[in-house]
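# Examination of the molecular architecture
For reference, the chains in residue letters:
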Amino acid sequence: MSNLPYHIPVLLQPCIDGLDINPDGVYVDLTFGGGGHSKEILKHLSAKGKLFSFDQDEDAKANIPDDKRLTFIPHNFRYISNYLKLYGITQVDGILGDLGVSSHQFDKGERGFSTRFDADLDMRMNQKSDLTAKKVLNTYDVKKLTAMFREYGEVDNAFRLANIILKLEQMAALKQLLSLKK
Ligand SMILES: C[S@@+](CC[C@H](N)C(=O)[O-])C[C@H]1O[C@@H](n2cnc3c(N)ncnc32)[C@H](O)[C@@H]1O
């Protein structure tokens, strides 16, 4: 497990080609992760260039290179305009977003993203948030679960899935109750 790379950046060269980097420019990596894309962007920047990289996952901090041109922002990239304002940036030359989950998040059992491990359903990208997937399943009613699966998971049978999950939860609770009574 520990020998696994944090994340192998996808489409690295096409992304760099697409950014068409101006060496003195200002760039934003919305999803730093293992820093694969960020490190490649830095290689193309001069001493004047700047890179702002976001990641809300605490674990990503372990991958930050020691480079003065990089500012790591450990927050959700939805706050991009606030943070760029804070750093006095009014214009950028390029923004990269490698959306989704990093391999590290799948490979670390306790993060609760993968069925390969026996762990609680967690699935938080931001470990400071207290809303785990387990909490969602245990507290959302059928309406909220259906809306979540439909809107964010694009699940066709969202209502059916929500009902099955709630029924399984009730069965598990009943099983636990019966085993306590023995
Ligand atoms: C596919 S990985 C990026 C991998 C990265 N390009 C590399 O080369 O290693 C996506 C990363 O984005 C982060 N992430 C996802 N949504 C985010 C958000 N809204 N704000 C900040 N980070 C986010 C995740 O924590 C994850 O580390």
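Here is what the cut-offs are and how they apply
- Residues numbered from 1 in each chain as written.
- Predicted model: local features only at pLDDT ≥ 70, side-chain atom pairs only at ≥ 80, totals over all residues.
- Heavy atoms only, no water.
- Axes fitted to C-alpha atoms, helices over the stretch in contact; angles between N-to-C directions.
- Helix = DSSP H or I, 4+ residues; strand = E, 2+ residues; numbered from the N terminus.
- Parallel < 35°, antiparallel > 145°, perpendicular 65-115°, else oblique.
- Left-handed = near helix turned anticlockwise from the far one by under 90°.
- Contact = heavy atoms within 4.5 Å.
- Nonpolar A, V, L, I, M, F, W, Y, C, P; charged D, E, K, R; others polar.
- Near = heavy atom within 4 Å.
- Polar contact = N/O pair within 3.5 Å; in protein donor to acceptor, adjacent residues only side chain to side chain.
- Areas by Shrake-Rupley, 256 points an atom, 1.4 Å probe, with all protein chains shown as cover.
- Buried < 20%, exposed > 50% of the residue type's maximum accessible area, 1.4 Å probe, protein only.
- Domains from an automatic or database assignment.
- Buried area = accessible area lost by both parts, 1.4 Å probe.
- Phe/Tyr/Trp six-rings, centres within 6.5 Å; stacked < 30°, edge-to-face > 60°.
- Lys NZ or Arg CZ within 6 Å of the ring centre and 35° of its normal.

For the pair helix α1 (residues 12-19) and helix α2 (residues 36-43), the least separation of the axes is 10 Å and the interaxial angle reads 45 degrees. Between α1 and α2, the crossing angle belongs to the class labelled oblique. Considering the relative orientation of α1 and α2, their crossing is right-handed. For the pair α1 and α2, contact is made by L12, C15, I16 and L19 and by G36, H37, E40 and I41, respectively. Within the contact of α1 with α2, the residues separate by chemical class into five nonpolar, two polar and one charged.

Another aspect to go through is the site of the ligand. In the vicinity of the ligand lie 21 residues, with G34, H37, D55, D98 and Q105 positioned nearest. Within the contact set of the ligand, a nitrogen atom lies 2.8 Å away from a side-chain nitrogen or oxygen of H37. For the ligand, an oxygen atom lies 3.0 Å from a polar atom in the side chain of Q105. A total of 600 Å² of accessible area belongs to the ligand in isolation, and the protein chains cover 95% of it. Classifying every residue of the shell around the ligand gives five nonpolar, 13 polar and three charged.

Of note in the backbone geometry, L11 takes a positive phi value of approximately 45 degrees without being a glycine. Structurally, the position occupied by L11 is in the segment before α1. In the Ramachandran plot, E154 falls in the positive-phi region, its phi being about 50 degrees despite a non-glycine side chain. By the secondary structure assignment, E154 is in the loop between α6 (142-153) and α7 (158-181). E154 gets classed as exposed once you look at its relative accessible area, which sits at 66%.

For the rest of this paragraph, the subject is the domain arrangement of the protein. According to the domain assignment, the protein consists of domain 1 (12-103) and domain 2 (120-181). Once you take the C-alpha centre of each, domain 1 and domain 2 turn out to be 34 Å apart. Contacts between domain 1 and domain 2 engage six residues on the former and four residues on the latter. A combined buried area of about 490 Å² lies between domain 1 and domain 2, and 45% of that area is made up of carbon and sulfur atoms. It is Q56, D57 and E58 that lose the most area in domain 1 upon contact with domain 2, and together they represent 73% of the buried surface on that side.

Turning to the packing of aromatic side chains, a few remarks are in order. A complete count under the given rule lists four aromatic pairs for this structure. Here the aromatic rings of F54 and Y83 are separated by 6.1 Å at their centres, their planes lie at 80 degrees, and the arrangement is edge-to-face. Remark: Y83 occurs in helix α3 (residues 80-86) and F54 occurs in strand β2 (residues 50-54); sequence separation between them is 29 residues. For the pair F54 and Y83, one class covers both residues: buried. The interplanar angle of 80 degrees and the centroid separation of 6.2 Å between the aromatic rings of F106 and F113 together place this pair among those described as edge-to-face. For F113, a relative accessible area of 13% gives the class buried. Over the face of the ring belonging to Y140 we find K144, whose NZ or CZ atom lies 4.3 Å from the ring centre.

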